[in-house]
Amino acid sequence: MSTLLLRGVEVAGRPADVRLAGGVVAELGSDLAARPGDEVLDGRGGALIPGLHDHHIHLMATAAAERSVRVGPPEVSSPGELADVLRRADAALPPGAWLRAVGYHESVAGDLDREALDALLPHRPVRVQHRSGAQWSLNSAACRAVGLDEGQRPEGAETDASGRPTGRLLRADAWLRDRLPAGDPPDLSALGRRLARAGVTGVTDATPVERPADLRVLADAGLPQRLTLTGGPALAAADFPENVARGPVKLVVADHELPSLDALAGAIGAAHLADRPVAVHCVSLVALVLALAAWEQAGVRSGDRIEHASVVSPELVPVLAARGLTVVTQPGFVAERGDRYLLDVPPREHADLYRCASLLDAGVPVAGSTDAPYGSPDPWIAVKAAADRRTAGGRILGARERLSPHRALELFLTAPDAPGKRPRSVRPGAPADLVLLAAPLGDVLAAPSSDAVVMTFFAGTPFSA
Ligand SMILES: [Zn+2]
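Residues numbered from 1 in each chain as written. Predicted model: local features only at pLDDT ≥ 70, side-chain atom pairs only at ≥ 80, totals over all residues. Heavy atoms only, no water.

**With respect to the domain arrangement of the protein**
Argument step 1. Here the protein is partitioned into domain 1 (1-51 + 425-465), domain 2 (52-59 + 187-423) and domain 3 (68-179).
Argument step 2. Contact with domain 1, which involves 21 residues of that partner, is made by 22 residues of domain 2.
Argument step 3. Summed over both partners, the interface of domain 1 with domain 2 comes to about 1,700 Å²; 73% of that surface belongs to carbon and sulfur atoms.
Argument step 4. On the domain 1 side of the contact with domain 2, Leu445, Pro448 and Phe458 bury the most area, a combined 30% of that side's loss.
Argument step 5. The tally of links from domain 1 across to domain 2 stands at one salt bridge.
Argument step 6. The closest approach of N and O atoms between Arg226 and Asp433, which form a salt bridge, is 2.4 Å.
Argument step 7. Put simply, domain 1 and domain 2 have three residue pairs in polar contact (both at pLDDT 80 or more) between them.
Argument step 8. For the side of domain 1 that touches domain 2, the secondary structure elements donating two or more residues are strand S5 (48-50), strand S21 (434-437), helix H16 (441-445) and strand S22 (453-458).
Argument step 9. A total of four residues in the side of domain 1 that touches domain 2 trace back to one element, the largest contributor, which is S22.
Argument step 10. Of the residues belonging to the side of domain 1 that touches domain 2, the class tally is 15 nonpolar, five polar and one charged. (Domains from an automatic or database assignment. Contact = heavy atoms within 4.5 Å. Buried area = accessible area lost by both parts, 1.4 Å probe. Salt bridge = Lys/Arg side-chain N within 4 Å of Asp/Glu carboxyl O. Polar contact = N/O pair within 3.5 Å; in protein donor to acceptor, adjacent residues only side chain to side chain. Helix = DSSP H or I, 4+ residues; strand = E, 2+ residues; numbered from the N terminus. Nonpolar A, V, L, I, M, F, W, Y, C, P; charged D, E, K, R; others polar.)

Below you can see the structure in the form of structure tokens.
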């Protein structure tokens, strides 16, 4: 196996040379001599850091979103802009093909139902995803195409007073997917390259898929990143493909349809019985309170985590710490959605949104993630937002929650099986999943950006896109 000698890099704040061999960091020192067979690379003083791990992403949906039209803020923020982008997308598609739009928010043109969509585009099937990912709105052509009008209805299908489907489907993705034309599955290779260019060497897919085949598709996608998969409760005891790591069982506490305390506690207990921790999706205070009550009943297992923890009231911070729960959060939403939160969320709750520093100070392990496609898949946006808490509009959201830029980066440096615990480091014996930056770390973190990534290494091999 070839070896690589990285000369003139910065490791943990000091100048260093690093030899990569056998997929690991073989040697770390100063003035390492090149050996026969060494490929030598000049790091020009740039920092060498562990590859970033995104602790919560949805790979398939992110790849699909890249083939979809974006119809939400900031790109689209008025009914006129919505009509424009849909018309342009329509003109680019063959007749009869489905139009898929994502990122919708009701501030654009209110709640979308079939009539609203028919008024914009009646002649081809159209589906629009709310930016929460929880809801699809279908126009009438789409309702007919999936059989909604013929009485085939998933649980989340909304109907009007007369019993007719409104075109709105809540959390009915699996049902919908089975009824869509079997187009080519989204190609994950472009996403894998994009993540590699941003220095991401590992991801945890947090989609609660319910079929072994859905795990297999991700395992076989040929992504350069190390994969940890969750899957939903139906796969709690399933065998996972061997080239992926088995993460926690993903449980969704959906605000529109809260599970009973017993059901949630039962699901947590079932995952634990299958020897797996749980990752519980909580985006509201109600969901968090319910989840904590369920944990009280089922018990907490090492590795149990709260996904998002979008709203944590101050009195719950010590409760999370006492229970030993980890928070996997998305500070990037401060940048991407913060201006909307400042408008929509009551001011007294602004301090409770996407907490970081107050959780860490209380002893709660916190790990970073993008939740792409609902956030940008670029983790450096989240690193920057965790440090400056600045919205796209330049306002500050949760000044108390600011982290030092180093600490913000560490949100993405912890191991997939120990999110929020000790950050990985560049040391002999560690896997050579590494990122070479264009400058010393302190300089890069003065303005965190994926532009600073010069090269990403997977098991010691430079990634070439
Ligand atoms: Zn998610």
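From this point, the narrative continues.
**Brief notes about the side chain of Thr326**
Argument step 1. Mapped onto the fold, Thr326 is located in strand S19 (residues 326-329).
Argument step 2. Look at Thr326 and you get buried, because its relative accessible area is 5%.
Argument step 3. For Thr326, the residues in contact, after removing those within four places along its chain, are Asp304, Arg305, Ile306, Pro365, Pro419 and Lys421. (Buried < 20%, exposed > 50% of the residue type's maximum accessible area, 1.4 Å probe, protein only.)

**What to know about empty space enclosed by the protein**
Space left empty within the atom packing is revealed by a probe, the size of a water molecule, rolled over the atoms.
Argument step 1. Taken as a whole and judged by the stated rule, the model has two cavities of 30 Å³ or more.
Argument step 2. Roughly 60 Å³ of internal volume is contained in the largest cavity.
Argument step 3. Elements with a minimum of two residues in the lining of the largest cavity: helix H12 (332-344) and helix H14 (379-388).
Argument step 4. Of all the elements, H12 adds the most residues to the lining of the largest cavity, at three residues.
Argument step 5. Grouping the constituent residues of the lining of the largest cavity by class yields three nonpolar, six polar and two charged.
Argument step 6. Taken as a whole, the second largest cavity holds about 50 Å³ of empty space.
Argument step 7. Together, Tyr104, Glu106, Asp111, Leu112, Val128, Gln129, His130, Gln135 and Ser137 line the second largest cavity. (1 Å grid on protein atoms, 1.4 Å probe; cavity = no way out; pocket = protein on both sides within 12 Å on 5 of 7 lines; lining within 4 Å. Points joined across faces, edges and corners; volume = space filled by probe spheres on them.)

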